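Secondary and tertiary structure notes
Okay, here's what each chain looks like letter by letter:
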Amino acid sequence: MLHFFLIFYLTSVLANPQRLHQQPQICEIPRPLLTRHTDVCIPSKVPTGQDESPSGKSSPPPKVWKAGGLCRGTRAGKFCVFTNPSFNKGEGVSVITTEKSMATIATRSAFVESEGILETDSDSGLTPPYREVEIPGKDIGLVATRTIRMGELIMARTPAIMVNEKAIEALGKKLVSELLARASDTLPTQHREVMLNLSTHTSFSDYGDKLYKILQTNSFRTGLHDGENPFYSLFTEVSRMNHDCRPTCAYYFDHRDFRQKVLAVRDIQPGEELTIAYYDPLQTHSVRQQKLQKEWGFKCSCQRCSADASSIAESDDRVSQIHALRKELDDHSATSKGSTEKAELLVSLYEQEGILGRLNEAYYRAALEYIGVGNIEMAKKYAKMTVEHGQLFVGPDRPFITNMQELIANPTEYPKWKFRLKDA
């Protein structure tokens, strides 16, 4: 289970709201609540002009969104519950935000278009390729019930509840708990009951406290859905996945259909656990252990962390090499020591460390190095690998994908064409 984070994080949010102010961007590999640094980030794309009435005032949400009848906060910052009970074939979703924010969210394509909604095993009634089991030392987790192939979509879940981060900053635990209780009660029964089975990590005093702790223990930070404010989203099965420093799965939030998508980064055998990384796994053993203990409350015992001292030292050395190589390859100046050989080594090190869901980071740098010396064939090879891997594991609407597509289409006109030779 996602036995981690928000007890520490939300407490610090309420004590110090300033630490939440971040650039309006969504990182390529979202992580539960505590935003992880990644190399490529994208702005949240929200339709513009659709939430304004002719008078310039925000229009109320469409009728499909039902007001929950409960608001908290001052007139200038009043947060209310809005529920769309018909969303995703009747699963429904509740949102805690302001009316202006909700008017913008309601214009997102996922809420106004019925076509193109991806059907998954959980949607279609087919048996999903996993089941919940007790994992020694981890409580509940998910294991594969059949062979899951690399790149296979394992689940794609829409949120049960989404909470505007500003509500958490402004209102405090008691009022947020009241809004969460109303948001839960207005959800369709089945989705609500599954959500209420998520872990609270610790005991709770009442219904509102239970929901607050479910939010603390299980929510993911999923982006700026109204174009301005970060949101935390609660999902069901996704939150059952445990951490591993060499995860079997990657995940991202798809803003086109409002689904958290989980995919296998390698073949997964029956009985093998489905895992994700809660924290950037491209860190040394001691840093990972310290971070996971401090912010998620557990000591990681995955295979990478519980290996013998010699294997841990070799892994730490590879991680240090990765950081050094990325710094060199990202330096495009005349004094840079970047090269195609170092780019190839970077790809190999990612593979050796089992950071398979982020191979696009290494492929991208390799493509740039090869175009930088005028090797069109190898540049196109790695650009195509970047596009294919990125679209699969990071999401299709990322700027680096467009960037690599431009290289493939017109390599000699690409801005980095022979840049290493010019510097020489």
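Provided above is the structure to which this section pertains.
Residues numbered from 1 in each chain as written. Predicted model: local features only at pLDDT ≥ 70, side-chain atom pairs only at ≥ 80, totals over all residues. Heavy atoms only, no water.

Some points on the overall build of the protein
Helix and strand counts for the protein stand at 16 helices and 15 strands. Here the protein, with 424 residues, has 56% of them falling under the buried criterion. For the protein, contacts bridging at least 24 residues in sequence account for 67% of all contacts bridging at least 6. If you sum the accessible surface of the protein, you get close to 18100 Å²; carbon and sulfur atoms cover 51% of it. (Helix = DSSP H or I, 4+ residues; strand = E, 2+ residues; numbered from the N terminus. Buried < 20%, exposed > 50% of the residue type's maximum accessible area, 1.4 Å probe, protein only. Contact = heavy atoms within 4.5 Å. Areas by Shrake-Rupley, 256 points an atom, 1.4 Å probe, with all protein chains shown as cover.)

Points about the nonpolar core
In terms of nonpolar packing, the biggest core is built from 40 residues, with Trp 65, Ile 154, Met 155, Met 241, Cys 249, Ile 268 and Leu 274 touching the most fellow members. At 3 residues, the largest contribution of residues to this core is made by strand β13 (residues 249–254). Ignoring anything within four residues of it in the chain, the contact list for Leu 274 reads Tyr 130, Leu 142, Val 143, Ala 144, Ile 148, Ile 154, Met 241, Asn 242, Thr 248, Cys 249 and Ile 268. Listed in part, the 30 residues of the second largest apolar core include Leu 325, Leu 349, Leu 368 and Val 394. (Core = buried A, V, L, I, M, F, W, Y, C linked by side-chain atoms within 4.5 Å.)

Quick notes on the sheet that holds strand β6 (residues 130–135)
Strand pairing in a sheet takes place through backbone hydrogen bonds and is either antiparallel or parallel in direction. Read from one edge to the other, the open sheet built from 4 strands follows the order β6-β7-β15-β12, with strand pairing classed as mixed. Each of the sheet's edge strands pairs with one partner strand only, and the pair in question is β6 and β12 (242–243). (Pairing = 2+ DSSP bridges.)

Digging into the state of the cysteines
In a disulfide, the sulfur atoms of two cysteines are covalently bonded to one another. Tallied over the entire structure, the rule returns 1 disulfide. With its sulfur 2.0 Å from that of its partner, Cys 71 forms a disulfide with Cys 80. Because the sign of the S-S torsion sets the handedness, a value of about 110 degrees for the bond joining Cys 71 and Cys 80 places this disulfide among the right-handed ones. Residue Cys 71 is classed as partly exposed on the basis of its relative accessible area, which comes to 31%. Left unpaired, Cys 245 is separated from the closest cysteine sulfur, that of Cys 305, by 3.7 Å. Here Cys 300 is not disulfide-linked; the sulfur of Cys 302 is the nearest cysteine sulfur, at 3.5 Å. (Disulfide = S-S within 2.5 Å.)

Digging into the packing of helix α8 (residues 189–196) against helix α9 (residues 207–218)
α9 packs onto α8 with a crossing angle of 75 degrees between their chain directions and a minimal axis gap of 11 Å. In this view, α8 runs roughly perpendicular relative to α9, as classed from their interaxial angle. Contacts between α8 and α9 involve Arg 192, Met 195 and Leu 196 from the first element and Tyr 207, Lys 210, Leu 211 and Ile 214 from the second. Grouping the amino acids of the contact of α8 with α9 by side-chain chemistry returns 5 nonpolar, no polar and 2 charged. (Axes fitted to C-alpha atoms, helices over the stretch in contact; angles between N-to-C directions. Parallel < 35°, antiparallel > 145°, perpendicular 65-115°, else oblique. Nonpolar A, V, L, I, M, F, W, Y, C, P; charged D, E, K, R; others polar.)

Quick look at unusual backbone geometry
Even without being a glycine, Asn 88 presents a positive backbone phi close to 55 degrees. With respect to the helices and strands, Asn 88 occurs in helix α2 (residues 87–90). A relative accessible area of 9% places Asn 88 in the buried class. Residue Lys 418 is not a glycine yet carries a positive backbone phi of 55 degrees. Assignment of secondary structure puts Lys 418 in the loop between α15 (399–409) and α16 (419–423).

Focus on the packing of aromatic side chains
Under the counting rule described, the total for this entry stands at 11 aromatic pairs. Judged by centre distance (5.1 Å) and plane angle (75 degrees), the rings of Trp 65 and Phe 111 are edge-to-face. Of this pair, Trp 65 sits in the loop between β2 (41–42) and β3 (66–72) while Phe 111 sits in helix α4 (residues 109–112), placing them 46 residues apart in sequence. Pair check on accessibility: Trp 65 and Phe 111 agree, each one buried. A connected cluster of aromatic rings, assembled from ring pairs, spans Trp 65, Phe 87, Phe 111, Phe 220, Phe 235, Tyr 251, Phe 253 and Phe 258. (Phe/Tyr/Trp six-rings, centres within 6.5 Å; stacked < 30°, edge-to-face > 60°.)

A few points about the pairing of β3
Pairing of β3 with strand β4 (residues 79–84) involves 4 bridges; the strand directions are antiparallel. From the neighbouring strand, Cys 71 faces β4, where its bridge partner is Cys 80. Taking the residues between adjacent antiparallel strands as the criterion, β3 and β4 are bridged by 6 residues, where Gly 73 takes a positive phi near 115 degrees.

Points about the pattern of salt bridges
In the structure shown here, the tally under the stated rule is 26 salt bridges. The closest approach of N and O atoms between Glu 273 and Lys 138, which form a salt bridge, is 3.2 Å. Residue Glu 273 is found in strand β15 (residues 273–276), and its partner Lys 138 is found in the loop between β6 and β7 (139–144); the two are separated by 135 residues along the sequence. With a closest N to O distance of 2.9 Å, Arg 365 and Asp 330 form a salt bridge. Of the two residues, Arg 365 is situated in helix α13 (residues 359–372) and Asp 330 in the loop between α11 (309–329) and α12 (340–353); the sequence distance between them amounts to 35 residues. Note on Arg 365: relative accessible area 7%, which makes it buried. Salt bridges sharing partners connect three or more residues here, namely Asp 254, Arg 256, Asp 257, Arg 259 and Lys 261. (Salt bridge = Lys/Arg side-chain N within 4 Å of Asp/Glu carboxyl O.)

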